[in-house]
Amino acid sequence: MSYTYSLRNCCAALLNTPLAPYLVLSSSPRYPVLVNAHYATSARVHPDCFFQPQSSEQVGLGVSTLAEADDVSPECQFAIRGGGHAPWKGAAGAEGGVTIDLALMNATVYSPDNSSVTIMGGARSGDVYKTLQRYGVAVTGGRSDTVGVGGLIIGGGLSYFGNKYGLACNNVVLSNGQTITASHTSYPDLFRALKGGGNSLGIVTNVELRAFKQGPLWGGLIVHGTADLSQQNSALVYLTSNLTNDPHAPASPNIPHTFSALRSTDIYDLMMETVPPPGKKAFFLTLTFGNDARLLERLCNFHNESVDAVTPLVESDDWNFITFLQPFPAVLANASAKKVKVLGLDHILYLLFLAWQSPSDDALFHEIGYNLIGKPKAYSEEIGAGSDFVYMNYARREQNLLSGYGEENFQHLVAMVEKYDPIGVFQTQCPGGWKMSAA
């Protein structure tokens, strides 16, 4: 049967295939639900249609159909949405084009015989952890419930268990619609490139992660006063440098606190303590620098100055201005099965997280965010503690991160794009994310 909907080229092409039942058009009652599926309102776009596959084979047919129908127009561009956690437009949605939404590919299957977990590309970390709790095991998954497993892995894969098991990073759909399994022994060159390669190589539809025994965890939020900032900074530096020798090193020394929620609980409960606020616009920027207390002291000042500058100007009733600092020790690469060292030495990862309600504050928060991130970057270079590495899953589109992987890793990614996507489908027709040609 041939459809004659008043749709643009690529959605119409999908409608004329066996994939028609898996499309959601703008006339469908489900369409606004899918538009609003992002936790951050700043990420919402209106595609011409959503494509919700349920298998790798359907993803393959969809990609090959889109590639064949491409007329180099915006209407034939597509995006891939796993968890939809990235807060900026275009990362996981195609305005006026096709959004491939993997939400229905969300199964998690534990195999006790070989201590592995097979997870479909659209599963979210919170659901994965809840599924595995009944077996008393865990995997190197995300640290927010809405983080999609596929995007987590191809963006670098930071996890609660990174100090012990390394970065998380396997079925992959290529630009010609072929599905292959990438591992240490099968397509090892592609397997290496997937972790940190983003969506430049294909669509991850399944991952297999090693499972490990995990019972209750001891953790929770602790609030310290500003009077003890120097002690807190010194403690972070010590923790970061000590994790290589002791991956189980405690995070909090004997510093006075005003609040503590430390307890024995499960990983999902701990995750929900720091869940991003839904229903707001959000803005991420990130930076990596040397493990140096001087930088942390200066960054605290930069943060406070920025908050003071934005407070009298903001119109939103509810807004967030948060600096996240976390260890990024060499042990992360050493513990990873891939063992590809990008940084080598102990570093600290800085995430600037801004969230607000009113569109009238967009320009304000963008300006203050870019201004703030530039200050510790400049100071880190001044004292010899700078780094070009930018963690993909925290980055903003404008941040040039691929060149920060190091020349050898970057050239490997370029070679893999030429080998596995020779016609450039994921470089040009899927514009979200970071592309080798633009690095």
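Presented here is an overview of the structure given in this document. As the structure is a computational prediction, the values presented were derived from the model and not from experiment.

Looking now at the side chain of Ser380. With respect to the secondary-structure elements, Ser380 resides in helix H12 (residues 362-382). Apart from the residues within four sequence positions on either side, Ser380 is in contact with Phe289, Leu295, Ala385 and Gly386.

What follows concerns the nonpolar core. Of all hydrophobic cores here, the largest spans 38 residues; its most connected members are Leu190, Leu201, Leu401, Leu402, Tyr405, Trp434 and Met436. Considering each element in turn, this core owes the most residues, six residues, to helix H13 (residues 407-420). In this structure Leu201 touches Val173, Leu174, Leu190, Ala193, Leu194, Met416, Val417 and Phe426, once residues within four positions along its chain are discounted.

This part takes up the state of the cysteines. For the structure shown, the criterion picks out two disulfides. Residue pairing for Cys10: its cysteine sulfur links by disulfide to Cys76, the two sulfurs lying 2.0 Å apart. Linking Cys10 and Cys76, the disulfide has an S-S dihedral of approximately 100° and is accordingly described as right-handed. Of this pair, Cys10 sits in helix H1 (residues 9-15) while Cys76 is found in the loop between helix H3 (56-69) and strand E3 (78-81), placing the two residues 66 residues apart along the sequence. Judged by its relative accessible area of 0%, Cys10 is buried. Here Cys11 connects covalently by a disulfide to Cys49, the sulfurs 2.0 Å from one another.

What follows covers the sheet that holds strand E1 (residues 23-25). In space, the four strands of this open sheet follow the order E1-E2-E4-E3, with mixed pairing throughout. Looking at which strands have only one partner, the edges of the open sheet turn out to be E1 and E3. Mean inter-strand twist for the sheet, computed between neighbouring axes without regard to direction, equals 25°. Sheet topology note: the E3/strand E4 (residues 98-101) ladder contains four bridges and is parallel. Counterpart to Phe78 in the pairing with E4 is Val98.

Turning next to the sheet that holds strand E9 (residues 179-181). Backbone hydrogen bonds hold the strands of a sheet together, and the pairing may be parallel or antiparallel. Taken together, the five strands give an open sheet; going across it, the order is E5-E6-E10-E8-E9, and neighbouring strands pair in antiparallel fashion. Edge positions in the sheet fall to strand E5 (108-111) and E9, since each of these pairs with one other strand and no more. Along the sheet, successive strands turn relative to each other by an average axial angle of 20°, direction set aside. Examined bridge by bridge, strand E8 (residues 171-173) and strand E10 (residues 203-210) share three bridges and lie antiparallel to one another. Each bridged residue has a counterpart across the sheet, and for Asn171 the counterpart in E10 is Asn206.

Reading the values: rules and limits
- Residues numbered from 1 in each chain as written.
- Predicted model: local features only at pLDDT ≥ 70, side-chain atom pairs only at ≥ 80, totals over all residues.
- Heavy atoms only, no water.
- Helix = DSSP H or I, 4+ residues; strand = E, 2+ residues; numbered from the N terminus.
- Contact = heavy atoms within 4.5 Å.
- Core = buried A, V, L, I, M, F, W, Y, C linked by side-chain atoms within 4.5 Å.
- Buried < 20%, exposed > 50% of the residue type's maximum accessible area, 1.4 Å probe, protein only.
- Disulfide = S-S within 2.5 Å.
- Pairing = 2+ DSSP bridges.
- Axes fitted to C-alpha atoms, helices over the stretch in contact; angles between N-to-C directions.

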